[in-house]
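Listed below are the residues making up each chain.
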Amino acid sequence: MRQAHVPYSHFPVGAALRSESGAIFAGCNIENASYPEGWCAETSAIAHMVVAGERTIAEVAVVAEKMARITPCGGCRQRLKEFASPETRVHLCDADGIVETVTLGDLLPKAFALD
Ligand code: THU
């Protein structure tokens with residue numbers, strides 16, 4: 001979240017994924033002067049995980065300092081689903097830690113999948 005590039009929204013977000021191997025991949029939101037071209041913290045974290053050669057998310061944490069409890073946006077729920085299961089835990093956090101833990105299945109029921 002400290003690294004977020006948010007000159008437009010001033011709404012920094014941080015995300016961390018723990019992968020199958022136990023490694024942790026962090027991400028922040030990165031905005032753009034052409035607003036729709038910016039992307040979310042969860043998306044940055046997924047990119048870091050995939051570039052490192054990993055494909056399975058074991059656990060997710062998301063935090064935004066301006067919200068008591070942030071939940072991933074719809075697009076990020078679908079992106080997380082690509083590498084996680086309905087049982088994967090998603091920790092909704094504030095500066096002090098976990099506020100609520102839900103599953104990806106809670107956040108994205110009846111998700112689109114090609115299988
Ligand atoms: N944002 C995230 O990074 N993750 C979310 O799950 C929700 C929204 C970012 C996008 C944008 O940079 C800012 O928060 C305000 O919408």
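See the structure printed just above.
The structure contained in this document is the topic of the report that follows.

Here is what the cut-offs are and how they apply
- Numbers given for residues are sequential positions, taken from 1 along each chain in its written order.
- Confidence filtering applies because this is a predicted model: local features only for residues at pLDDT of at least 70, side-chain atom pairs given and counted only at 80 or more, and all residues used for totals across whole chains, interfaces and linings.
- Values reported for side chains reflect all heavy atoms of the structure, with hydrogen atoms and water molecules removed beforehand.
- Between N-to-C directions, angles cover 0 to 180 degrees, with each direction set by a line fitted to C-alpha atoms, over the stretch in contact for helices.
- Working definition: helices are DSSP H or I runs of at least four residues, strands are E runs of at least two. Numbering for both runs from the N terminus.
- Roughly parallel here means an angle under 35 degrees, roughly antiparallel means over 145, roughly perpendicular means 65 to 115, and every remaining angle is called oblique.
- By definition, any crossing whose near helix is turned counterclockwise from its far helix by less than a right angle is left-handed, and any crossing with a clockwise turn is right-handed.
- Residue contacts follow a heavy-atom distance rule, with two residues in contact if any of their heavy atoms lie within 4.5 Å.
- Residues are classed as near a molecule or strand on a simple rule: at least one heavy atom within 4 Å of it.
- Under the rule applied, a polar contact is a pair of N or O atoms within 3.5 Å (in protein, one hydrogen donor and one hydrogen acceptor; residues adjacent in sequence only if both atoms are side-chain atoms).
- Surface accessibility follows the Shrake-Rupley procedure with a 1.4 Å probe radius. Residue values consider only the protein chains on display as shielding.

Quick word on the packing of helix α1 (residues 41–51) against helix α2 (residues 74–81)
In the contact formed by α1 and α2, the axes pass within 9 Å of each other and the chain directions differ by 20 degrees. With respect to α2, the element α1 is oriented roughly parallel. Relative to α2, α1 is oriented so that their crossing is left-handed. Where α1 abuts α2, its residues Glu42, Thr43 and Ile46 lie against Cys76, Arg79 and Leu80.

Describing the site of the ligand
The immediate surroundings of the ligand are formed by Ser9, Phe11, Val13, Asn29, Glu31, Cys40, Ala41, Glu42, Thr71, Pro72 and Cys73. One of the side-chain nitrogen or oxygen atoms of Glu42 is found 2.7 Å away from an oxygen atom of the ligand. Here an oxygen atom of the ligand sits 3.0 Å away from a polar atom, N or O, in the main chain of Cys73. Relative to its unbound accessible area of 370 Å², the ligand is 75% covered by the protein chains.

Concerning the side chain of Glu59
Within the secondary structure layout, Glu59 lies in strand β3 (residues 57–64). Looking at Glu59, its side chain comes within polar contact range of the side chain of Arg18, at 2.6 Å. Polar side-chain contacts of Glu59 include one of 2.7 Å to the side chain of His91. Those residues in contact with Glu59 that lie beyond four places of it in its chain are Ala16, Leu17, Arg18, Thr88, Arg89 and His91.

All quantities given are derived from atomic positions and should not be read as evidence of function.
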